[in-house]
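Observations on the three-dimensional arrangement
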Amino acid sequence: LPACRDSQLFIKDLHFDGVPVRIYLPREPSASKRRGVIFIHGGCGIFGSISKKLEEKIICRYIARKSDSVVASVGYHLAPEHKYPAQTLECLTATVHFLKAAETYGVDPTRIIVCGDSVGGTFITSVCQELGHRTDIPKIRAQVLIYPFLQALNFNLPSHQKNAAIAFLSQERTVHFILKYLNKDCSLKEPVLAGSHVPESINLKYRKWINPDLIPDVFKLGYKPPLPTLFLPQVHEEVQELFEPRFSPLLAEDAVVCGLPDTCIVTCEHDVLRDEGLLYKKRLEDNNVRVTWHHMEKGFHG
């Protein structure tokens, strides 16, 4: 369907190196180059599009109007028809294209931020990690992560327990959607929820980054540490993708994290993913990355 008209914006459907993109350009002429925003929508990698109501009619238009920015919304192809990591790679391709071609759209290439919600925040995080040390393209100015999904090792953090049965994104549905996204057998859901997919060596390696002890006490009221679970090698072999930093950006090494741009993280209290944002906030701060954090005490995922 054609993009809707807007009295304040030019809205065009384009392709950036083969990746569908909807771009929002303010109609009012500007005396100088504008800021740019790359927006990546959520939907667990299996739902949503650049023309769905939330992104197309509210978020992207609002950002473009209120910040007088050029917004490029990335229409990555959905899983499982397009297999992982096609989604991350398409977001990377579109981002690199926009960084290189920014001036074509009247954008200052040194003033481009990337923004994403839920799995869009995952893709944004991965893109920033992959581009952090490249010198052949302009640097991303900042990243905005709205309740991002960042790790698939521990599904028993305090926010998982507190919001296990919350509407839309429950603890169980989170793992269900992960398995659907990776085109895996959903019978793996129970052992993954229990943590049986993670060998002790990996638990020990990443405990310094994924650990309830790193979460402020105010977010741990009522938390009960889970009982030890039996490691199941066959389950581990089936879900190897979960241990890739591209899928679980919290597992990236410090050498990568320290090269990231200024970051804004938004978390919601009633969200199973709340603690992943808190853990990533601490990792960034420990690596001297400037972080702004907004916590929505009455907020829900989605």
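From a predicted model like this one, the values you see are computed outputs, not experimental measurements. (Residues numbered from 1 in each chain as written. Predicted model: local features only at pLDDT ≥ 70, side-chain atom pairs only at ≥ 80, totals over all residues. Heavy atoms only, no water.)

The biggest cluster of nonpolar side chains holds 75 residues, and the ones touching the most others in it are Phe-98, Leu-242 and Phe-247. Mapping this core onto the domain boundaries places at least three of its residues in each of domain 1 (9-151 + 246-300) and domain 2 (158-243). When sequence neighbours within four positions are dropped, the list of residues in contact with Leu-242 reads Ala-152, Leu-153, Ile-178, Leu-182, Val-192, His-197, Phe-247, Ser-248 and Leu-251. If you look at the next biggest cluster of nonpolar residues, it comprises 13 residues, including Ile-11, Tyr-24, Ala-64 and Cys-115. (Core = buried A, V, L, I, M, F, W, Y, C linked by side-chain atoms within 4.5 Å. Buried < 20%, exposed > 50% of the residue type's maximum accessible area, 1.4 Å probe, protein only. Domains from an automatic or database assignment. Contact = heavy atoms within 4.5 Å.)

With that settled, consider the UniProt feature "domain: Alpha/beta hydrolase fold-3" (unreviewed entry) in the chain. According to UniProt, the feature "domain: Alpha/beta hydrolase fold-3" (unreviewed entry) maps to residues 37-192 and 241-302 in the numbering used here. When the span residues 241-302 is considered, its composition is 27% helix and 31% strand, and the gap between its end C-alpha atoms is 25 Å. (UniProt positions renumbered as here; feature names shortened; annotations may be inferred. Helix = DSSP H or I, 4+ residues; strand = E, 2+ residues; numbered from the N terminus.)

With respect to the helices and strands, Gln-171 occurs in helix α5 (residues 171-181). In terms of polar contacts, Gln-171 uses its side chain to reach the backbone carbonyl oxygen of Phe-155, at 2.8 Å. If near-sequence neighbours (up to four positions away) are discounted, Gln-171 is found in contact with Phe-155, Asn-156, His-160, Asn-163, Ala-164, Leu-193 and Val-272. (Polar contact = N/O pair within 3.5 Å; in protein donor to acceptor, adjacent residues only side chain to side chain.)

Given a rise of 1.5 Å per residue, 13 residues ought to cover 18 Å, and the 18 Å separating the end C-alpha atoms of helix α3 (residues 119-131) matches this to within 8%. Where burial is concerned, most of α3 is hidden: 12 out of the 13 residues are buried. The complete set of buried residues in α3 reads Val-119, Gly-120, Gly-121, Thr-122, Phe-123, Ile-124, Thr-125, Ser-126, Val-127, Cys-128, Gln-129 and Leu-131. (Expected span 1.5 Å × (residues − 1).)

Turning our attention to the packing of aromatic side chains. For the structure on display, the rule yields 11 aromatic pairs. Ring centres of Phe-47 and Phe-177 lie 5.4 Å apart, and the angle between their planes is 85 degrees; on these two criteria the pair is classed as edge-to-face. Of the two residues, Phe-47 is situated in the loop between β3 (34-40) and α1 (53-67) and Phe-177 in helix α5; the sequence distance between them amounts to 130 residues. According to the relative accessible area criterion, Phe-47 is partly exposed, its value standing at 40%. (Phe/Tyr/Trp six-rings, centres within 6.5 Å; stacked < 30°, edge-to-face > 60°.)

The next subject is the pattern of salt bridges. One pass over the structure, following the stated rule, counts 19 salt bridges. In this structure, Asp-13 and Arg-22 form a salt bridge, with 2.7 Å as the shortest nitrogen-oxygen distance. Among the residues examined, Asp-13 registers a relative accessible area of 40% and is labelled partly exposed. The residue Glu-130 makes a salt bridge to Arg-246 at a minimum N-O spacing of 3.0 Å. With Glu-130 in helix α3 and Arg-246 in the loop between α8 (233-238) and α9 (254-257), the pair connects residues that are 116 residues apart, well separated along the chain. Linked by salt bridges that have partners in common, Lys-162, Glu-269, Arg-274 and Asp-275 make up one network. (Salt bridge = Lys/Arg side-chain N within 4 Å of Asp/Glu carboxyl O.)

Attention now moves to the pairing of strand β4 (residues 69-74). Where burial is concerned, most of β4 is hidden: 6 out of the 6 residues are buried. In β4, alternate side chains face the same way, and those of Ser-69, Val-71 and Ser-73 on one face and Val-70, Ala-72 and Val-74 on the other are all buried. As paired elements, strand β2 (residues 19-26) and β4 share 4 bridges and run antiparallel to each other. If you follow Arg-22 over to β4, its bridge partner there is Ser-73. Note that β3 and β4 share 6 bridges and pair parallel. Bridge pairing in β4 places Gly-36 opposite Val-70. (Pairing = 2+ DSSP bridges.)

Let us now look at the sheet that holds β4. With mixed pairing, 8 strands are arranged side by side in an open sheet as β1-β2-β4-β3-β5-β6-β7-β8. Looking at the sheet topology across the chains shown, the edges are occupied by β1 (9-16) and β8 (291-300). On average, adjacent strands in this sheet sit at an angle of 20 degrees to one another, irrespective of strand direction. The sheet strands contacting α3 are β3, β5 (107-117) and β6 (142-146), and the helix crosses β5 at an angle near 140 degrees. Packing of helix α10 (residues 274-286) onto the sheet brings it into contact with β6, β7 (262-270) and β8, and relative to β7 it is tilted by some 150 degrees. (Axes fitted to C-alpha atoms, helices over the stretch in contact; angles between N-to-C directions.)

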